[in-house]
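Take a look at the letters that make up each chain.
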Amino acid sequence: MNDCVILLHGLARSKRSMKKIERHLDKLNYQVFNIGYPSTRFRIEKLSENTITLALNSCRQYSANKIHFVTHSMGGILIRYFLNHHKIPELGRIVMLSPPNKGSEIVNQLGRLWLFKAINGPAGNQLGTDPDSLPSNLDPIESEIGIITGNKTLNPLLARIIPGESDGKVSINSAKLEGMKDFLVVPHSHSFIMQSSLVCERISCFLQHGYFKE
C-alpha cells in the first residue's frame, strides 16, 4: 500500500492530540503526516492554505497513490475550505471527527467575550452558526466523507447552549454534512473523541472500505 494520511487537529489543540490515531494508522502501514499548525493565530483561510499545502507536499515526496485526511473539529473546516478552492488529484477518503460543519452555537453566545478570543484566536469566531459564518458559506465537496461525532459532554454548562444532543461543543446535527457517505455517533466528548480505540478502528475501516461498520 502506498497511501498517505494527513491528520489535522482541532482549534487550540496540537498534533499531540492526534497521536493515538497516528500510531494506529502507522501500524496499518499508512504513511502518516500528523501536522501541527498555529490554530489560534490566524484565520481559517490562511491556516487552510498554508497547512494543507505543506502536508500535500510531504505526501507527494513519497509518490502517494492516494492521500486521505483524518480531521478533528476545526480541522474538518480546513479541508473543506481547501477543497472549495483547490483540486487534489490523489484525494482519497476523508474522516471527520466532531466537525462543526454547520458551526457551533457556543461561538454565537460566547464569541464576543475577551476570554473566548484570547483562547481561540481569530479562527474561533469564524465557527458560528449564523449565515455569515465560514462553515455556512462552504460548498459541498466531492469526496467519500465519513463523520464520527459524540453524544457525551464534559461541560454541562456549555452543552446547555447547544440545542439537541451534542458532544459538549458541537451538536450531532451540526456535525452532519450534505453528501456524506457514512455517519456514526459514539459515547465520547468533543475533546477526547480522538483518544478512543473504537474510533481509531472505525477510522481505519472507513479509509479501507468507505464505511464504518465491519
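This write-up is about the structure you can find in this document.

How each quantity is defined
Sequence order sets the numbering: in each chain, residues are counted from 1 along the sequence as written. Side-chain atom pairs in this predicted model are given and counted only at pLDDT of 80 or more, local residue features only at pLDDT of at least 70, and totals for whole chains, interfaces and linings cover all residues. Based on all heavy atoms of the structure, the side-chain values leave hydrogens and waters out of the count. Whether two strands pair depends on DSSP finding at least two bridges between them. Per the convention used, a helix needs a DSSP run of H or I reaching at least four residues, while a strand needs a run of E reaching at least two, with both numbered from the N terminus. Structural elements are reduced to axes, namely lines fitted to C-alpha atoms, with helices fitted over the stretch in contact, and the angle between N-to-C directions of any two is expressed from 0 to 180 degrees. In this description, contact between two residues means that some pair of their heavy atoms is separated by no more than 4.5 Å. Pairs of cysteine sulfur atoms within 2.5 Å are what we label disulfides. Only protein chains enter the calculation, and the probe is 1.4 Å; a residue is then buried if its accessible area is under 20% of its type maximum, exposed if over 50%, and partly exposed in between. In plain words, nonpolar cores are sets of buried Ala, Val, Leu, Ile, Met, Phe, Trp, Tyr and Cys residues tied together by side-chain atoms within 4.5 Å.

1. Some thoughts on the sheet that holds strand S6 (residues 182-186)
Next up, step 1: Here we have 6 strands laid out as an open sheet, ordered S2-S1-S3-S4-S5-S6, and parallel in their pairing. The sheet is open, and its two edges are formed by strand S2 (31-35) and S6, each paired on a single side. Adjacent strand axes in the sheet meet at a mean angle of 15°, parallel and antiparallel pairs treated alike.
Next up, step 2: The strands touched by helix H1 (residues 19-27) within the sheet are strand S1 (3-8), S2, strand S3 (66-72) and strand S4 (91-97), with S2 carrying the most contacts at an inclination of about 170°.

2. Observations regarding the state of the cysteines
Next up, step 1: Inspection of every chain in the model, using the stated rule, returns 1 disulfide.
Next up, step 2: With a sulfur-sulfur separation of 1.9 Å, Cys4 is cross-linked through a disulfide to Cys59. The disulfide joining Cys4 to Cys59 has a torsion of about -50° about its S-S bond and is therefore left-handed. Taken together, the positions of Cys4 in strand S1 and Cys59 in helix H2 (residues 44-60) put the pair 55 residues apart, joining distant regions of the chain.
Next up, step 3: Among the residues examined, Cys4 registers a relative accessible area of 1% and is labelled buried.
Next up, step 4: In this model Cys200 remains outside any disulfide bridge; the closest cysteine sulfur is found in Cys205, 13 Å from its own.
Next up, step 5: A relative accessible area of 2% means that Cys200 is categorised as buried.

3. Quick look at the nonpolar core
Next up, step 1: Ile6, Phe69, Met74, Ile79 and Ile94 are the most contacted members of the largest nonpolar core, which has 42 residues in total.
Next up, step 2: Per-element accounting of this core gives the leading share, 7 residues, to helix H3 (residues 74-85).
Next up, step 3: Sequence-distant contacts of Ile6, that is, excluding residues within four places in its chain, are made with Phe33, Ile35, Ala55, Leu56, Cys59, Ile67, His68, Phe69 and Val70.
Next up, step 4: Ranked by size, the runner-up nonpolar core spans 20 residues in total, among them Ile21, Val32, Leu97 and Val186.

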